[in-house]
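Working through the structure, step by step
The primary structure of each chain is shown beneath.
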Amino acid sequence: MEYIVEKIGMSRTINKPSIAVTLLRLIPTKVCELGQDGSAIVAYSHTKVANKTIKGQQKKYNLSGEFNKFATLKVANTEIGDLDLNPLNEAKVLKVSFNTKGRGFQGVIKRHGFSGGPAAHGSRFHRRPGSIGNCEWPGRVQPGRKMAGHYGDKKVTVKNEVVSFDSSNGILVLKGSVPGFNGAMGRVRIVK
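Okay, so let's go over this structure. Since we're looking at a predicted model, the values are computed, not measured.

Sheet strands pair via backbone hydrogen bonds, and the direction of the pair is either parallel or antiparallel. The 4 strands are arranged β5-β4-β3-β6 in an open sheet whose pairing can be described as antiparallel. Either end of the sheet is taken by a strand with one partner, and the two such strands are β5 (69-74) and β6 (81-82). Bridge analysis of strand β3 (residues 29-34) against strand β4 (residues 39-44) gives 5 bridges, and the strand direction is antiparallel. Across the sheet, Val31 pairs through a bridge with Val42, a residue of β4.

Before going further, it helps to spend a moment on the side chain of Thr29. Along the chain, the position of Thr29 falls in strand β3. Residue classification places Thr29 among the buried residues on the basis of a relative accessible area of 6%. From its side chain, Thr29 meets the backbone oxygen of Ile27 in a polar contact 2.7 Å long. Once residues within four sequence positions are removed from consideration, Thr29 is found in contact with Val42, Ala43, Tyr44, Gly81, Asp82 and Leu83.

Looking now at unusual backbone geometry. Working note: non-glycine residues mostly have negative phi, and peptide bonds are mostly trans. Of note, the amide linkage connecting Lys16 to Pro17 takes the cis form, showing an omega dihedral of -10°. Along the chain, Pro17 turns up in the loop between β1 (2-12) and β2 (20-26). Cis rather than trans, the peptide bond between Trp137 and Pro138 has omega equal to 5°. With respect to the secondary-structure elements, Pro138 resides in the loop between α3 (108-112) and β9 (149-152). Non-glycine residue Asn62 carries a positive phi angle of around 55°. By the element assignment, Asn62 lies in the loop between α1 (52-60) and β5.

What follows is about the packing of aromatic side chains. Considering all chains together, one arrives at 1 aromatic pair under this definition. Each ring, one from Tyr61 and one from Phe70, has its centre 6.2 Å from the other, and the planes form 45°; the classification is tilted. The class for Tyr61 is buried, based on a relative accessible area of 15%.

Moving on: the environment of Met147. Relative to the helices and strands, Met147 resides in the loop between α3 and β9. Overall, the relative accessible area of 33% leaves Met147 in the partly exposed class. Separated by 117 residues in the primary sequence, Met147 and Lys30 have C-alpha atoms spaced 44 Å apart. Aside from chain neighbours lying at most four places away, what touches Met147 is Val108, Arg111, His112 and Ile132.

With that out of the way, let us pick up the nonpolar core. Counting residues in hydrophobic clusters, the biggest one holds 27 residues, and the most contacted among them are Leu24, Leu94, Leu172, Leu174 and Val188. Among the secondary structure elements, those contributing two or more residues to this core are β1, β2, β4, β5, β7 (93-99), β10 (155-166), β11 (171-175) and β12 (185-190). Aside from chain neighbours lying at most four places away, what touches Val188 is Met1, Glu2, Tyr3, Val5, Leu24, Leu94, Lys95, Val96 and Leu172. Residues Ala43, Tyr61, Leu63 and Phe67 belong to the second largest nonpolar core, which totals 5 residues.

Quick look at the pattern of salt bridges now. Applying the stated criterion across every chain, the model contains 3 salt bridges. With a closest N to O distance of 2.4 Å, Glu6 and Arg25 form a salt bridge. Of this pair, Glu6 sits in strand β1 while Arg25 is found in strand β2, placing the two residues 19 residues apart along the sequence. Residue classification places Arg25 among the partly exposed positions, given a relative accessible area of 32%. For Lys74, the salt bridge is made with Asp37, and the minimal N-O distance between the two is 3.7 Å. Of the two residues, Lys74 is situated in strand β5 and Asp37 in the loop between β3 and β4; the sequence distance between them amounts to 37 residues.

What counts, and at which threshold
Residues numbered from 1 in each chain as written. Predicted model: local features only at pLDDT ≥ 70, side-chain atom pairs only at ≥ 80, totals over all residues. Heavy atoms only, no water. Pairing = 2+ DSSP bridges. Helix = DSSP H or I, 4+ residues; strand = E, 2+ residues; numbered from the N terminus. Buried < 20%, exposed > 50% of the residue type's maximum accessible area, 1.4 Å probe, protein only. Polar contact = N/O pair within 3.5 Å; in protein donor to acceptor, adjacent residues only side chain to side chain. Contact = heavy atoms within 4.5 Å. Phe/Tyr/Trp six-rings, centres within 6.5 Å; stacked < 30°, edge-to-face > 60°. Core = buried A, V, L, I, M, F, W, Y, C linked by side-chain atoms within 4.5 Å. Salt bridge = Lys/Arg side-chain N within 4 Å of Asp/Glu carboxyl O.

Dropping the structure here:
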């Protein structure tokens, strides 16, 4: 079973020994259409964007204006309506998928952990990558060479233990950290 969540942030438990936890908020979700293999088209609220395509889907599934995003999830529901949260009450371990924080265009020291060169005494090799190719053969840079470029903003999935789940306000507390910034949207999946 999958659920759409928003990362609230991190905190610590007050019992001894204290552990780091991540707080996630379940997004209210409506099941619009059920598939044969347990998958379903679900609608949820995110941003205020509403174009003709979204309005057409809202009309097709008789939804209010707040449900303006659609996704395909594996669900426990057998009928159309609110998403069934009962499987989360018994869950012990979840797989959590978020996009990591985007850090833009970065050099090789931050992106790949290169060490760089001497900082003084006339050195002109400080934070540069150094040699990137071979001599005469093959006469080009090999594919996969670690170089400067776009860093972060990749989908990462981690396993976390469930500390607690409050179904009344939809707050999920997981042991440890999850990728992404506070306010990021992601998915959680129950591990069998």
